[in-house]
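Fold and contact review
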Amino acid sequence: MDYSQFIAMKQEIALLIAFLVVFLCDTFASPKSAKSIPVISCICMMAVVAFGFVTIPAASVFAFDGMYETSQVIYAIKNILNVGVLIVLVQSLKWANSEYVAVRRGEFYELMLHTLLGMYLMISSRHFLMFIIGLETASLPLCALVAFDKHRYESHEAAIKYVLTAVFSSAILLMGLSFIYGATGSLYYSSVAYLVRYNFGVMVVVGLAFVMAGFGFKLSLVPFHLWTADVYQGAPVAVTSYLSVISKGSAAFAFLVVLTQVFGSVWAEAWEWMLYALIILTITVGNLFAMRQTNMKRFLAFSSISQAGYIMLAIVGHNTMGTAALMFYVLVYIFSNLAAFGVIGAIENATGKMDMTDYNALYRTNPRLAFTMMLAMFSLAGIPPFAGFFSKFFVFTSALSGEASVALYVLVLIALINTIISLYYYLLVVKAMFINPSDTPIATFRSACSERVAMWVCVVGIIGLGIVSYFYDYLLRLVL
């Protein structure tokens, strides 16, 4: 093997260097200097973000006999995830330096960078063996992150459910890949895509069903979503926000590549109706259950389930516009969801309150937090002129830009109806903060500087991506 091929993995190497810096600081730092580990982690992640934007390749590069690929689109996808991870790390600074977490603060950042490395491999893999390596590299550290609050019963419960879900979903995915390998005799994406046309049969359909089920667990698609609310509620807010945007976004990108590049030739024969059913169930069930939630973490858990359905809608068109729409949707979703989790985390760190009724009259005592949460809810609901409206618009447009059919129009109509339904429960949060009275509202407090910086970055993203059309145009030109 020519070791110069590792040069193609520039982003992975940069992230690995950041991980080693954090690990060495955590290992050799004195108790006094250990307080600087969160700041060092954020600085390292900022360097990774900057490196990703200045080293974009001019053309696609393959390595390891075609098992690994990087390109301008893949760089853009990883950069989107990097921005989200940086915001999560900044939001977690106060929590990581708290007395309860201080003993293991370094482990939190090491595990988070390690799982991001696995997501890189998932996105760049062009061979199912490398994909599985990336998947497990991402999943195992997440199990430890979910169990980070080891003295809380809810965290134990969440960790057990996440571990079992990760194990079963990986087993189901591997079962599907074994069927695909049995039908085609190859694990290369390109070879499977070529051979599946001539070996299409029951084995391919069953294998694809298992593969979609395995991805369904990772993306919290209905009916594979039952773990999501309990895990989100039990995990720390920083981990929950990471699960809801970064983990979901990376799985969505990997799912897009597998379905379109590997099984695109059997779209109508094999996975069109499976995907339609998953999208309708996911959006509808997510919306209906979100209406019933009072705990803010569980509320955003079912909201994220519904949002996963819209993310999958971008794959329906299986075209370049769908890829650009998916990238833009995930970018907007990162800013919107992390803004909401930033407010939730700030309030929990200051007061320990997590119920929606605790947010009654929040505007009277903490108007800036209420304003940030309102923008996040408006964007998630798709209210113009905020970024969430345009992300949904581009997703619907990309779905209808392919070969139209009656079933496709019905699918988009159901998604539009569900968008109207989602307005109800998103506006419940706004109503609680601005309209509902309360004799004992959350007392006025000043959130940490890092929390404020992260929230204002999200606010700028929500407003800026809604006003400036350049970002979507850039992504669309990138994938053409």
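Remember, predicted model here, so these are calculated numbers, not experimental data. (Residues numbered from 1 in each chain as written. Predicted model: local features only at pLDDT ≥ 70, side-chain atom pairs only at ≥ 80, totals over all residues. Heavy atoms only, no water.)

**Points about the side chain of Ser 244**
Rules: For the purposes of this entry, the term helix denotes a DSSP run of H or I that reaches at least four residues, the term strand denotes a run of E that reaches at least two, and both are numbered from the N terminus. Each residue is placed in one exposure class: buried if its accessible area under a 1.4 Å probe, protein chains only, is under 20% of its type's maximum, exposed if it is over 50%, and partly exposed if it falls in between. Pairing of N or O atoms within 3.5 Å defines a polar contact, subject to two protein rules: one partner must be a possible hydrogen donor and the other a possible acceptor, and residues neighboring in sequence count only if both atoms are side-chain atoms. Contacts were defined at the residue level, with two residues in contact if any of their heavy atoms lie within 4.5 Å.
Residue position: Ser 244 is located in helix H11 (residues 237–262). Residue Ser 244 is classed as buried on the basis of its relative accessible area of 0%. From its side chain, Ser 244 meets the backbone oxygen of Ser 241 in a polar contact 2.9 Å long. Of note is the side chain of Ser 244, whose polar atom sits 3.0 Å from the side chain of Asn 337. In contact with Ser 244, other than residues within four places in its own chain, are Tyr 232, Tyr 333, Asn 337 and Phe 341.

**Here we look at the environment of Ala 235**
Along the polypeptide, Ala 235 turns up in the loop between helix H10 (228–234) and H11. A sequence separation of 90 residues divides Ala 235 from Leu 145, and the C-alpha atoms of the two residues are 7.6 Å apart. Apart from the residues within four sequence positions on either side, Ala 235 is in contact with Val 146, Ala 158, Thr 240 and Lys 297.

**Some words on empty space enclosed by the protein**
Note the cut-off: A 1.4 Å probe that fits into a set of points on a 1 Å grid over the protein atoms alone but cannot get out defines a cavity; an open set with protein on both sides within 12 Å along at least five of seven lines defines a pocket, and lining residues are those with an atom within 4 Å of a point. Grid points are joined across faces, edges and corners, and a volume is the space filled by probe spheres set on the points. The classification used treats Ala, Val, Leu, Ile, Met, Phe, Trp, Tyr, Cys and Pro as nonpolar, Asp, Glu, Lys and Arg as charged, and all other residues, Gly among them, as polar.
Scanning the entire structure with this criterion turns up two cavities of 30 Å³ or more. Of the volumes computed, that of the largest cavity is approximately 190 Å³. Of all elements in the fold, only helix H5 (105–124), helix H6 (128–146), helix H7 (153–184), helix H9 (202–219) and H11 reach the threshold of two or more residues within the lining of the largest cavity. Ranked by residues supplied to the lining of the largest cavity, first place goes to H11 with five residues. Here the residues of the lining of the largest cavity sort into twelve nonpolar, five polar and two charged. In this model, the second largest cavity occupies a volume close to 50 Å³. Looking at the second largest cavity, the residues that line it are Gln 307, Tyr 329, Val 332, Tyr 333, Ser 336, Ser 379, Leu 380, Gly 388, Ser 391 and Lys 392.

**A look at helix H2 (residues 37–54)**
Residues lying three or four places apart along an α-helix face the same way, a consequence of the helix completing one turn every 3.6 residues. Note the cut-off: The span expected for a helix works out to 1.5 Å for each residue beyond the first. The arc in question is traced by the directions running from the helix axis to the C-beta atoms.
A rise of 1.5 Å per residue sets the reference length of H2, with its 18 residues, at 26 Å; its end C-alpha atoms lie 26 Å apart and thus fit the reference within 8%. Taken together, the buried positions of H2 are occupied by Ile 37, Pro 38, Ser 41, Cys 42, Cys 44, Met 45, Val 48, Val 49 and Gly 52. Axial view of H2: buried residues confined to an arc of 165°, hence all on one face. Turned more than 90 degrees off the buried face of H2, the exposed positions are Ile 43 and Val 54. The elements touched by buried residues of H2 are helix H1 (10–28), helix H3 (72–91), helix H4 (93–96) and H5.

**Digging into the environment of His 225**
Within the fold, His 225 resides in the loop between H9 and H10. In this structure, the C-alpha to C-alpha distance between His 225 and Val 285, residues 60 residues apart in sequence, is 9.8 Å. Each residue touching His 225, except ones within four places of it in the same chain, is listed here: Ser 220, Val 285, Phe 302 and Ile 305.

**So, the pattern of salt bridges**
Applicable threshold: The rule for a salt bridge is simple: a side-chain nitrogen of Lys or Arg has to be within 4 Å of a carboxyl oxygen of Asp or Glu.
Applying the stated criterion across every chain yields a total of five salt bridges. Glu 157 is the salt-bridge partner of Lys 161, the closest N and O atoms lying 3.0 Å from each other. Remark: Glu 157 and Lys 161 occur in helix H7; sequence separation between them is four residues, near one turn of the helix. Classification of Lys 161 as partly exposed rests on a relative accessible area of 26%. Note that Asp 230 is salt-bridged to Lys 161, the shortest N-O span being 2.4 Å. Taken as a pair, Asp 230 in helix H10 and Lys 161 in helix H7 lie far apart in primary sequence, 69 residues in all. With relative accessibility at 22%, the residue Asp 230 sits in the partly exposed group.

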